[in-house]
Amino acid sequence: MMHAKQGSGVSRRRLLAGAGAATLGAPLIAGAAPAPVKIGLLQPLTGFLAYDGIQGKYGAMLAIDEINAAGGIKSLGGAKLAPVLADAQTSPATAIAEVDRLAGEGVAAIQGGFASDLVLAATQQAARHGLPYMVDVGVVDQIVGRGLTNTFRFGPGFGKVTQDGLANLAALNNAAGKPAKTVVIVHENGAFGSGMAKLLQAKLPGLGFEVVATIGHPTPQRDFTNIALQVKQANPDLIIPSNYKNDYILMALTFAQQHVRPKAAIYSILGGAASNAPFAAQHPKESNYIMDCNHYYDPNKPLSKAFAAKVAAKKWDLTYELMLNYSVMRVLADALERAASTDAAKLTAAIAASTYSDTIMPYGPTKFVHGQNIGAAPVNTQIRDGVVEVIFPTAFASAKPVFPIPAAG
Amino acid sequence: MSTALLLSALVGGLANGAVYALVALGLTLIYGVLHIINFAHGSLLMLALYASWILWSALGVSPYVALVLLAPLFFALGYALQRWVIGPAGQGRDANVLLVTLGVSIVIDNLALAVFGPATRTVDIPLATSTIDLGVMYLPLPRLIAFVAALLLSGGLWLLLNRTDLGRAIRAVARESDAARLVGIRVAHIHAVTFGIGTASVAAAACLLLPSFYVSPDAGYAFVLVAFTVVVMGGMGSFPGALLAGLVIGVIESFSGLWFGPSLAPIGIYAAFALVLLFRPTGLFGARA
Amino acid sequence: MTRWGARAGPPLLLMLGALPFAFPSGFVLTTATLLLLTAILGQSWNILGGYGGQSSFGHALFYGTGAFTTALLQVRFGWNAWVAAAAAIGAGTLVGAAAGALVFRQGLRGSYFALVTLAFAEIARVLVASFDITGGGFGLLVPLHRGAASFQFSDPRLPYWIAWTVVLAGVLLTIGIERSRFGARLAAVRENEDAARALGIAPVQVKTVCTAISAGLAATAGVLYLQIFLFIDAANGFGVGVSVQALLAPILGGLATPWGALLGALALRLMAEMVHAVAGGLAGIDLALFGVILILILRFAPGGIAGIRLRRDA
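Keep in mind that this is a model prediction, so the values were computed, not measured. (Residues numbered from 1 in each chain as written. Chains lettered and ligands numbered in written order. Predicted model: local features only at pLDDT ≥ 70, side-chain atom pairs only at ≥ 80, totals over all residues. Heavy atoms only, no water.)

Asker: Help me understand the side chain of Thr319 of chain A in this model?
Answerer: Topologically, Thr319 of chain A is positioned in the loop between helix H11 (302-313) and helix H12 (320-339). A polar contact of 2.7 Å, which involves the side chain of Thr319 of chain A, links it to the side chain of Glu321 of chain A. (Helix = DSSP H or I, 4+ residues; strand = E, 2+ residues; numbered from the N terminus. Polar contact = N/O pair within 3.5 Å; in protein donor to acceptor, adjacent residues only side chain to side chain.)

What follows is the structure, encoded as structure tokens:
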């Protein structure tokens, strides 16, 4: 993390400060090529969140390329979308400076952030400029509902994901004749993991589960052997892990190595690598049957199939960061189309009134309430022989859930 | 707490400790001879992890075979770094050397990100998933190999330093570099050789670590602080000290993880470290200053 | 001997003071504010590392104490922000005095001192992240209450000028130390502790006081960070990144000079701007270039930027 800190606030040369949208509100002159609409893409492109940030960038860029190829924003005379990349690194202070830089460059809106602490800082600063901000992931619930009228989150927040994750778990368990009773929670001890653990400890007993052990660990955790052995001794029916990608992979490999095999399943909520395509593909044996409740697309829609084919052609990893950023950019473009303006207030109003439904995500039409898209919901996935399949809700499913998992053969 | 869990925590702690010792061996050599804190150590470890991973994924070379190839390669890299970058730019000032190694780590980390991308990579060799059933736990074979290698490597480095002419020259430079210069030892060359040996040790550690770990551009940072702790606790420049301190720290971490939870386990490490230093300022094996 | 630092420092500081008139808000002002915070933290490190000769790797301990104490007192106990700020600076100073007394009494110096301070900061980081009262893994978010009484300003120029005033105070403090009897004792201890002791100086006491002053200034930087960004978590307060940032600016700028930390912070900012202009689109490459420039500056200006000679001594 050192490397991410000391260059803090790497930023482009100054433009006229407070330039805002000086050139953008100008009326279009007939016949002249319309000025491109600049969109700020703020992501952690370096440092330990670089994977997520770069995936997010790919998703947004893919949508921009498609929109531009289809003729740009028609109500603005076919204006093209021009991405302006900004690296938030891993520091909220850098994110704030980068928001200012993007505002100075005259972007019409900002999308991205990924991590909750970066998003909290960036949305607050964008509000100072009156710039609309589209959150891509940033699941912490405080992000929306703080009274920031510029902030919109397309995907579900922490509370919603957990609520659905638990409801789906209970449904799965009931349908299978309640094979799972005892639970071990393994969580990283940062904002995300400990928040999740606390919520799970409060909610699980009400759903008929008993939490027999809760094990927190730092990020990165160099070795999971002791944790695996503690889990094994607790011998739970269910393991619920909440940690980041690298640790998740190491944990899953160690579980396999130590023959930790819960009777019912490994069931993650926002699991670091539990629905990560490369992890599933590289470790089909160790990852088999792992379940996740996370952001994911509806694989059955024609739009999704075209999207997945493009992602595969570019040799990118098909992950939720990519899916969400791709989708968010389409919502933003639709709002620009309806606003027929890049004026911040008009664009903000258009986003707030969005009822967009042409999305790869398994959401209904967009509806923002206090900045949160209340149509957003997570789905359940399960890794099966190296492939991430959607198993729940059944309307979007690409495979039937295997729960409880078969006994070790 | 069951005996089985205690026993397995001990074995697991020793196995981890051996890895810490391995990573720290190169650092303690550089620390002891050049008297510099090498901030680039974690980055060099990461670079070696990538090198080993590439040899495996492109050519199918097992990391244990790659060790033989990468150790000389990283010796050359380390030699060049010290001779032509760290030495000239640091100009013998502690603070400057510190910043130069920091600069080197920034360069390596970010180039790695740009070249290799941000994804997490693992090697998938049969040996990596092999285990030995100890009854209370399954001991991963890579960890056993790393343990034996830590013993061999620290012994080998000790012999190199204490039983060869090169070792005598290195020790002379470590103790009195001015006097060493007067008797005709090329100090800059010896410094570079030392840095090279230290870097080769890091490469060896990386090859032994990779089968039971992963590599990503930030992978080195998982080990860098704990390696510094091992070096100071073991006494700067002492190989047996680093080995012992590595094992001690591995076991302390393991048991404090068991009793207070893995979240608080780092406190066990740093508290033990601070206590050792406050009451035995030259480390467990350090020479009396 | 004419050095760049003494010549360039005062006009640069004056220009920075006037900067908000040209850039009343936006990117330039925000980055300049961050630059000033880096400078304050650097000045703090310079007092202990430059004048005291004790390189710390754990300045995050003092910085984090400042930021967390003020946040904690406001969020959990409802204190007024200004009172909390004063208490936080006091707490940072105390932690500095305690750490200094503990470590120096045992005779630790050099790399040992550096790594023990690092261990202290890491212990603090893990502890703060482990308890709910300190915000646990999430951190502490100070509620928005814009207004001078709550040390939150809607006009970003005001916190900028407050930070600027602290930088000025830091320069004056440094010059004051340099010229005082305390500074002379500190120099004596730094150069040769045994000789200093023979002169009747108590090295442990002198170094402890030095650590306390340095820690107080670092805590001030932490307080300012918190009041500007209204959010702190364990990594941003006590993380290794903060400790590294603390030593980067003063070493690059010139150790044991009153202007070094400011010049170093300015240089770091300009370097960042430069690599962004050249390779901003290539994340990773830009920071790698940053590292290369850092090494080159050290190669050609070993005494730091403040130490660059303007003309040969007569």
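Asker: Please explain unusual backbone geometry as it appears in this structure.
Answerer: For residues that are not glycine, phi is negative in most cases, and the peptide bond is trans in most cases. Residue and element names in this part refer to chain A. Geometrically, the link from Thr219 to Pro220 is a cis peptide bond, its omega value of -5° lying close to zero. Tracing the backbone shows Pro220 in the loop between strand E7 (210-217) and helix H7 (225-234). Each neighbour pair has its own omega, and for Phe392 with Pro393 the value is -10°, a cis peptide bond. Along the polypeptide, Pro393 turns up in the segment after strand E14 (387-392). Positive phi outside glycine occurs at Phe114, with the angle close to 60°. Turning to its location among the elements, Phe114 is positioned in the loop between strand E3 (109-112) and helix H4 (116-128).

Asker: So what exactly am I meant to see when it comes to the interface of chain C and chain B here?
Answerer: It is common to give the size of an interface as the accessible area that goes away when the parts come together. Counting from both sides, the interface comprises 38 residues of chain C and, opposite them, 38 residues of chain B. Summing both sides of the interface, chain C and chain B together bury roughly 3300 Å²; the carbon and sulfur share of this comes to 82%. In this assembly, chain C and chain B are joined by 0 salt bridges. Our count for the contact surface shared by chain C and chain B stands at 3 residue pairs in polar contact (both at pLDDT 80 or more). Those elements that place two or more of their residues in the side of chain C that touches chain B are helix H4 (81-105), helix H5 (110-130), helix H11 (240-253) and helix H13 (285-300) of chain C. (Contact = heavy atoms within 4.5 Å. Buried area = accessible area lost by both parts, 1.4 Å probe. Salt bridge = Lys/Arg side-chain N within 4 Å of Asp/Glu carboxyl O.)

Asker: Before we go on, may I ask you to explain the domain arrangement of chain A in this structure?
Answerer: Residues and elements named next belong to chain A. In terms of domain boundaries, chain A breaks down into domain 1 (2-156 + 301-373) and domain 2 (159-294 + 379-396). Spacing between the C-alpha centres of domain 1 and domain 2 amounts to 31 Å. Together domain 1 and domain 2 conceal approximately 860 Å² of surface at their shared face, both sides included; 72% is due to carbon and sulfur atoms. Counting the surface domain 1 buries against domain 2, the share from its top three residues, Tyr51, Pro156 and Pro362, is 41%. At the surface where domain 1 touches domain 2, the tally comes to 0 salt bridges. Viewed at the interface, domain 2 and domain 1 are joined by 2 residue pairs in polar contact (both at pLDDT 80 or more). (Domains from an automatic or database assignment.)

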